[in-house]
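Coordinates in review
Chain by chain, the residues run as shown.
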Amino acid sequence: MASTEEPAPYGSGASAAKPVKRVRTHHLREMKQRGEKFTMLTAYDMYTAQVFDEAGIDVLLVGDSAANNVYGHRTSLPITVDELIPLARAVAASASRALVMGDLPFGSYQGSPEQAWDTAARFMKEAGVAAIKLEGGAAMAPQIERLAKGGIPVCAHIGFTPQYEHALGGYRVQGRAEAADRVLQDALAAQEAGAFCVLMEMVPAELAAKISAQLEIPTIGIGAGNGTDGQVLVWQDAFGLNTGRLPRFVKQYADLRGVLLEGAKAYAADVKGGTFPAPEHGF
């Protein structure tokens, strides 16, 4: 079997790592052990997958956030398995290095461990993802255990869980004051059940750092401070395609909406003015 790693190490010292051709779950754990941060972005199509992969993003999440970033819904709740799998297939087929993770939509896994298995198996077989994510910690431990024992790597999503926004009373920080122990117990339960990592959303930074230090498995943060092992953002938020009201934890790195808007205006002007297509654009 061919090696998945380059033969020559980079860096120096005993902790120097070898660059990998394909990121696997154990690479994320090794990064945590070395104290090295890793990166995750959402992706829903081939072009963003290729760009982020080339940029060296370690994990691509085909999130149920496609509901409100691709399909135009107000929340993530309406998206279905059949809608998300084709997006996951496009990303998995287009990324050559990043670990591609598929999100299990609301209602596709909460019913029972067997329901979770059936849905996750579809993502693995039909989309070709390397891991799945589901929302919940202790309450979802039986589902996590069923998938992990069946050979499906699972990332548990705890803290604020968007699929449960109505039960949580809206978009609210989770884990303040006496609720901190509940978030910690969710993280420990997910690890015990076999999750390979835990994603924490909208959790106080101090608590997230404490949980990250206590867990053996890697943690990913979104609105959880700088003490987690990795960070994730929705790409439309991070690169300015979404110009609506953004969460406090988002940093925008580009203005893609502005670039697209100016390009579209220039195209429209050329067509209406008769300058496009020019002779060199014809046959």
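Residues numbered from 1 in each chain as written. Predicted model: local features only at pLDDT ≥ 70, side-chain atom pairs only at ≥ 80, totals over all residues. Heavy atoms only, no water.

Before going further, it helps to spend a moment on the UniProt feature "active site" (unreviewed entry) in the protein. Under the UniProt annotation, "active site" (unreviewed entry) lies at Glu201. Residue placement: Glu201 occurs in strand S6 (residues 197-201). (UniProt positions renumbered as here; feature names shortened; annotations may be inferred. Helix = DSSP H or I, 4+ residues; strand = E, 2+ residues; numbered from the N terminus.)

With that out of the way, let us pick up the pattern of salt bridges. Going through the model one piece at a time under the given rule, you end up with ten salt bridges. We note a salt bridge from Arg146 to Glu114, for which the minimum N-O separation is 2.8 Å. Here Arg146 is found in helix H6 (residues 141-149), whereas its partner Glu114 is found in helix H5 (residues 113-127), with 32 residues between them in sequence. Between Lys149 and Glu145 there is a salt bridge, and its shortest N-O distance comes to 2.8 Å. Here the residue Lys149 and the residue Glu145 both occupy positions in helix H6, the gap between them amounting to four residues, near one helical turn. When salt bridges with common partners are traced through the structure, they connect Asp82, Arg122 and Glu126 into a single cluster. (Salt bridge = Lys/Arg side-chain N within 4 Å of Asp/Glu carboxyl O.)

Another point: the sheet that holds strand S3 (residues 99-103). An order of S1-S2-S3-S4-S5-S6-S7-S8 is seen for the eight strands of this closed barrel, with the pairing classed as parallel. The average undirected angle you get between the axes of adjacent strands in this sheet is 25 degrees. (Pairing = 2+ DSSP bridges. Axes fitted to C-alpha atoms, helices over the stretch in contact; angles between N-to-C directions.)

Along the chain, Thr228 turns up in the loop between strand S7 (219-222) and strand S8 (230-233). The exposure class of Thr228 is buried, given its relative accessible area of 1%. Of note is the side chain of Thr228, whose polar atom sits 3.4 Å from the backbone nitrogen of Gly221. Setting aside residues no more than four positions away along its own chain, Thr228 makes contact with Lys37, Met200, Ala208, Ser212, Thr219, Ile220 and Gly221. (Buried < 20%, exposed > 50% of the residue type's maximum accessible area, 1.4 Å probe, protein only. Polar contact = N/O pair within 3.5 Å; in protein donor to acceptor, adjacent residues only side chain to side chain. Contact = heavy atoms within 4.5 Å.)

This brings us to the packing of aromatic side chains. Geometry of an aromatic ring pair is reported as the spacing of the ring centres plus the angle between the planes. Throughout the structure, instances matching the rule amount to five aromatic pairs. Look at Phe52 and Trp235: their rings are 6.1 Å apart centre to centre, the planes differ by 65 degrees, and that puts the pair in the edge-to-face class. In this pair, Phe52 sits in helix H2 (residues 46-54) while Trp235 sits in helix H10 (residues 235-238), placing the two residues 183 residues apart along the sequence. Of the residues examined, Phe52 reaches a relative accessible area of 7% and is grouped as buried. Under the relative-accessibility criterion, Trp235 is labelled buried at 10%. Between Phe52 and Phe239 the ring centres are 5.7 Å apart and the planes differ by 40 degrees, which places this aromatic pair in the tilted class. Taken as a pair, Phe52 in helix H2 and Phe239 in the loop between H10 and helix H11 (256-273) lie far apart in primary sequence, 187 residues in all. Ring-pair connections join several aromatic residues into one group, and the members of that group are Phe52, Trp235, Phe239 and Tyr253. Over the aromatic face of Trp117 sits the side chain of Arg146, whose NZ or CZ is 4.4 Å from the ring centroid. (Phe/Tyr/Trp six-rings, centres within 6.5 Å; stacked < 30°, edge-to-face > 60°. Lys NZ or Arg CZ within 6 Å of the ring centre and 35° of its normal.)

Let us look at the packing of H6 against helix H8 (residues 180-193). Between H6 and H8, the shortest axis-to-axis distance is 8 Å and the interhelical angle comes to 25 degrees. By the angle between their directions, the pair H6 and H8 is classed as roughly parallel. Of the two elements, H6 crosses H8, and the hand of that crossing is right-handed. Along its contact with H6, which presents Ala141, Ile144, Glu145 and Ala148, the element H8 presents Ala189, Ala190 and Ala193. Split into classes, the residues belonging to the contact of H6 with H8 amount to six nonpolar, no polar and one charged. (Parallel < 35°, antiparallel > 145°, perpendicular 65-115°, else oblique. Left-handed = near helix turned anticlockwise from the far one by under 90°. Nonpolar A, V, L, I, M, F, W, Y, C, P; charged D, E, K, R; others polar.)

This next bit is on the nonpolar core. Nonpolar side chains in soluble globular proteins tend to be buried together. By size, the foremost hydrophobic cluster in this structure holds 60 residues, and its most contacted members are Leu60, Phe123, Ile132 and Leu134. Per-element accounting of this core gives the leading share, seven residues, to helix H4 (residues 81-94). The contact partners of Ile132, leaving out residues within four places of it in the chain, are Met101, Gly102, Leu104, Ala120, Phe123, Met124, Leu147, Ile152, Pro153, Val154 and Cys155. (Core = buried A, V, L, I, M, F, W, Y, C linked by side-chain atoms within 4.5 Å.)

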